[in-house]
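In case you want the letters, here they are:
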Amino acid sequence: MQYIILDMEWNQPWPGSYSAKKALPVEIVQIGAVRMTQDQQVADEFQILIRPKYFKKMNRKVASLTGIRDSVLREKGVSFPEAAAKFQTWCGEESIFLTWGFDDIT
């Protein structure tokens, strides 16, 4: 059995902005994870940037906290479906998922 410890970074609009009126309150811009063995050893790491579809400009507070910039997402980010498929492939079968933050659970 392996353990996948998952951490996602989210972008969000400024309250009251035009983007804040969209259906989604937040958008995933990065998936990071570590695969741990039963012996609590790090077996592998995963990291992928996701090009935003809805909130194309990073919230300044989020950018400051994460270090993720608009230009990096445009250059290196992939679509969410592509990122999710790569993450699923990396996880493989028979994994127990743990999250770093409570927002990542849902």
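A short tour of the structure in this document, coming up. In this text, all values refer to a predicted model and were calculated from it rather than measured experimentally.

Here is what the cut-offs are and how they apply
Residues numbered from 1 in each chain as written. Predicted model: local features only at pLDDT ≥ 70, side-chain atom pairs only at ≥ 80, totals over all residues. Heavy atoms only, no water. Helix = DSSP H or I, 4+ residues; strand = E, 2+ residues; numbered from the N terminus. Buried < 20%, exposed > 50% of the residue type's maximum accessible area, 1.4 Å probe, protein only. Areas by Shrake-Rupley, 256 points an atom, 1.4 Å probe, with all protein chains shown as cover. Core = buried A, V, L, I, M, F, W, Y, C linked by side-chain atoms within 4.5 Å. Contact = heavy atoms within 4.5 Å. Salt bridge = Lys/Arg side-chain N within 4 Å of Asp/Glu carboxyl O. Pairing = 2+ DSSP bridges. Phe/Tyr/Trp six-rings, centres within 6.5 Å; stacked < 30°, edge-to-face > 60°. Lys NZ or Arg CZ within 6 Å of the ring centre and 35° of its normal.

**Remarks on the overall build of the protein chain**
Right, on to step 1. For the protein chain, the count of helices and strands is 3 helices and 4 strands.
Right, on to step 2. Ordering the α and β elements of the protein chain from the N terminus gives β-β-β-α-α-α-β.
Right, on to step 3. Counting the 106 residues in the protein chain, one finds 33% classified as buried.
Right, on to step 4. Accessible surface, the protein chain as shown: approximately 7,300 Å² in total, 55% of it carbon and sulfur.

**Section: the nonpolar core**
Right, on to step 1. Formed by 14 residues in total, the largest nonpolar core has its most connected members in Ile4, Ile31, Ala33, Phe46, Ile48, Phe87 and Trp90.
Right, on to step 2. The set of elements that each furnish at least two residues to this core consists of strand S1 (2–11), strand S2 (27–36), strand S3 (42–49) and helix H3 (80–91).
Right, on to step 3. Top element by residues in this core is H3. It accounts for 4 residues.
Right, on to step 4. Those residues in contact with Phe46, other than ones at most four positions away along the chain, are Ile31, Gly32, Ala33, Ala83, Lys86, Phe87 and Trp90.
Right, on to step 5. Among the nonpolar cores identified, the runner-up in size contains 7 residues, and Val29, Met58, Val62 and Ile68 belong to it.

**Focus on the pattern of salt bridges**
Right, on to step 1. The final tally for this structure, using the stated rule, is 3 salt bridges.
Right, on to step 2. Among the salt bridges present, the one from Arg35 reaches Asp44, with a minimum N-O distance of 3.4 Å.
Right, on to step 3. Between Asp70 and Lys57 there is a salt bridge, with the nearest N and O atoms lying 3.7 Å from each other. Of this pair, Asp70 sits in helix H2 (residues 70–76) while Lys57 sits in the loop between S3 and helix H1 (60–66), and the two are 13 residues apart along the sequence.
Right, on to step 4. Judged by its relative accessible area of 64%, Lys57 is exposed.

**Concerning the pairing of S1**
Right, on to step 1. Summarising the sheet, S1 and strand S4 (residues 95–99) pair through 5 bridges and their orientation is parallel. In the strand pairing of S4, Tyr3 is matched with Ile96.

**So, the packing of aromatic side chains**
Right, on to step 1. Considering all chains together, one arrives at 4 aromatic pairs under this definition.
Right, on to step 2. Centroid distance Phe87 to Trp90: 6.1 Å. Interplanar angle 20 degrees. Geometry classified as stacked. A residue pair is termed a helical-turn pair when its members lie 3 or 4 positions apart in one helix, as Phe87 and Trp90 do in helix H3 at 3 residues. In terms of burial, Phe87 and Trp90 fall into one category: buried.
Right, on to step 3. Among the aromatic residues, ring-to-ring pairing joins Phe46, Phe87, Trp90 and Phe97 into one connected group.
Right, on to step 4. The ring of Trp90 carries the charged tip of Arg35 above its face, separated from the ring centre by 4.2 Å.

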